[in-house]
Amino acid sequence: MEAISDVYTVPHEHLDLCATIGQIAREKIAPRSAEIDERAEYPWDVRKLLAEQDILGLPFPIEYGGTGTGTLMLNMAVEEIAKVDASCALILMVQELGTLPIQLFGSEELKERFLPRCATGEWSPAFALSEPEAGSDPGGMQTSAVKDGDEWVITGTKNWISNLGIADFYICFAVTDRENRRMTAFVVEADRQGFSVGKLEHKLGIRASPTGQPVFDGVRVPDANVIGEVGKGLSVALATLERTRLGAAAQAVGIAQGATDYAVAYARERRQFGKPINEFQGISFKLADMEIRTAAARELLYKACAMADRGEPGRGKYSSMAKVFCSDTAMAVTVEAVQVLGGYGYVKEYPLERMMRDAKITQIYEGTNEIQRLVISRALK
Ligand SMILES: Cc1cc2nc3c(=O)[nH]c(=O)nc-3n(C[C@H](O)[C@H](O)[C@H](O)COP(=O)(O)OP(=O)(O)OC[C@H]3O[C@@H](n4cnc5c(N)ncnc54)[C@H](O)[C@@H]3O)c2cc1C
């Protein structure tokens, strides 16, 4: 049996900052949400706002221009933004996903070259691991990198990459030793010759975040753009995802809480059979269950974040457990929230159908929930 690990406390400064971020989200982001979803339009204005408010500095240590406030604070911020808009929360999540490989494994030169300009929000990254034939199993990767003097030549097409066409650079994983199935992580700047933006997807949810296929056609990068050791790219990817899947969990908790809050307020006002619908037990118990599940998901998320901040053993399992539980919660809660609104839940005039569509991705990306269950079950042996 596993020993019970330490609990967590949320510092007052975190709570204050969260309240401020929540207010910004409600006042400045929420009014844009329906429109950017409908148009599937990357919200540059929101990105600028998050940069101006230093929110994009949350994933970074102080020495590289960030806030140095850690994983729990970062994910509390993701949650606050996702309460009103999951696509906009993803702007902050990708800021971590696409720079954590450099933060964890990069040379000092790479850190200085890329991190400060991401911490200010001037630059934005992308994380390019998945491919058309290699999703859950990165071992099936086709993209390759071949050494030529003191440069590497990268060739291949990635798939499902968030921030496509927006990113200033891509963390590209490529096979460097096919016989031994070894890959390496590279930084590829978007203005390098041979790089192009391929097909963009039309998606069910998170429509304001562009997703698609970056194409690397003989792109040359210097040796200095290798992240960590040659041949150790899989470790770079796995260590990154272990931490960043907490972002997907936080996004899910935010969506679930946003949907619950909206449904609670609606049920207070909507009258049928001469009284507010929240006086029918069929509705009030639904709302209670939504609140319970969301609160339980948040506790698991915050504990997993605190374990990550402390570098505690077992944090990987907790990160996977939080990701599964929070995303399954977001899906279940948003389906119920739509039901509380009846027909009004089903139309675009109200935000709940968008929240339900946005919730689905949290069960898929950052490693599907099936893969997380595989990881968790292996950790039990
Ligand atoms: C909107 C969006 C944004 C994304 N952003 C990024 C990004 O920025 N960077 C990036 O690299 N990737 C990104 N992804 C890719 C995402 O991580 C993959 O979609 C995911 O890892 C699953 O891969 P796949 O889609 O190829 O599904 P597959 O791997 O083909 O899986 C199909 C189904 O089989 C199941 N399955 C597979 N293997 C097993 C197994 N061993 N046991 C049980 N079930 C299994 C899966 O759980 C899934 O249900 C994004 C995807 C989407 C849709």
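Predicted model only: the values in this text are computed from it and were never measured.

Caption draft 1: Structural context of the packing of helix 4 (residues 86–97) against helix 7 (residues 233–269). Between helix 4 and helix 7, whose axes approach to 10 Å, the crossing angle comes to 165°. As summarised for this structure, helix 4 and helix 7 are arranged roughly antiparallel, according to the angle between their axes. Here helix 4 and helix 7 pass one another in a crossing that is right-handed. Where helix 4 abuts helix 7, its residues Ala-86, Leu-90, Met-93, Glu-96 and Leu-97 lie against Thr-240, Leu-241, Arg-243, Thr-244, Gly-247, Ala-248, Gln-251 and Ile-255. Tallied by class, residues from the contact of helix 4 with helix 7 come to seven nonpolar, four polar and two charged.

Caption draft 2: Seen up close, the packing of helix 1 (residues 12–39) against helix 3 (residues 70–82). The interhelical angle for the contact between helix 1 and helix 3, taken along N-to-C directions, is 25°, at an axis separation of 8 Å. Classified by the angle between their axes, helix 1 and helix 3 sit roughly parallel to one another. Classified by chirality, the crossing of helix 3 by helix 1 is right-handed. Facing His-14, Leu-15, Leu-17, Cys-18, Ile-21, Gly-22, Ala-25 and Ile-29 of helix 1, the residues of helix 3 in contact are Met-73, Met-76, Ala-77, Glu-80 and Ile-81. Looking at the contact of helix 1 with helix 3 residue by residue, the class counts come to 10 nonpolar, two polar and one charged.

Conventions and cut-offs
- Residues numbered from 1 in each chain as written.
- Predicted model: local features only at pLDDT ≥ 70, side-chain atom pairs only at ≥ 80, totals over all residues.
- Heavy atoms only, no water.
- Axes fitted to C-alpha atoms, helices over the stretch in contact; angles between N-to-C directions.
- Helix = DSSP H or I, 4+ residues; strand = E, 2+ residues; numbered from the N terminus.
- Parallel < 35°, antiparallel > 145°, perpendicular 65-115°, else oblique.
- Left-handed = near helix turned anticlockwise from the far one by under 90°.
- Contact = heavy atoms within 4.5 Å.
- Nonpolar A, V, L, I, M, F, W, Y, C, P; charged D, E, K, R; others polar.

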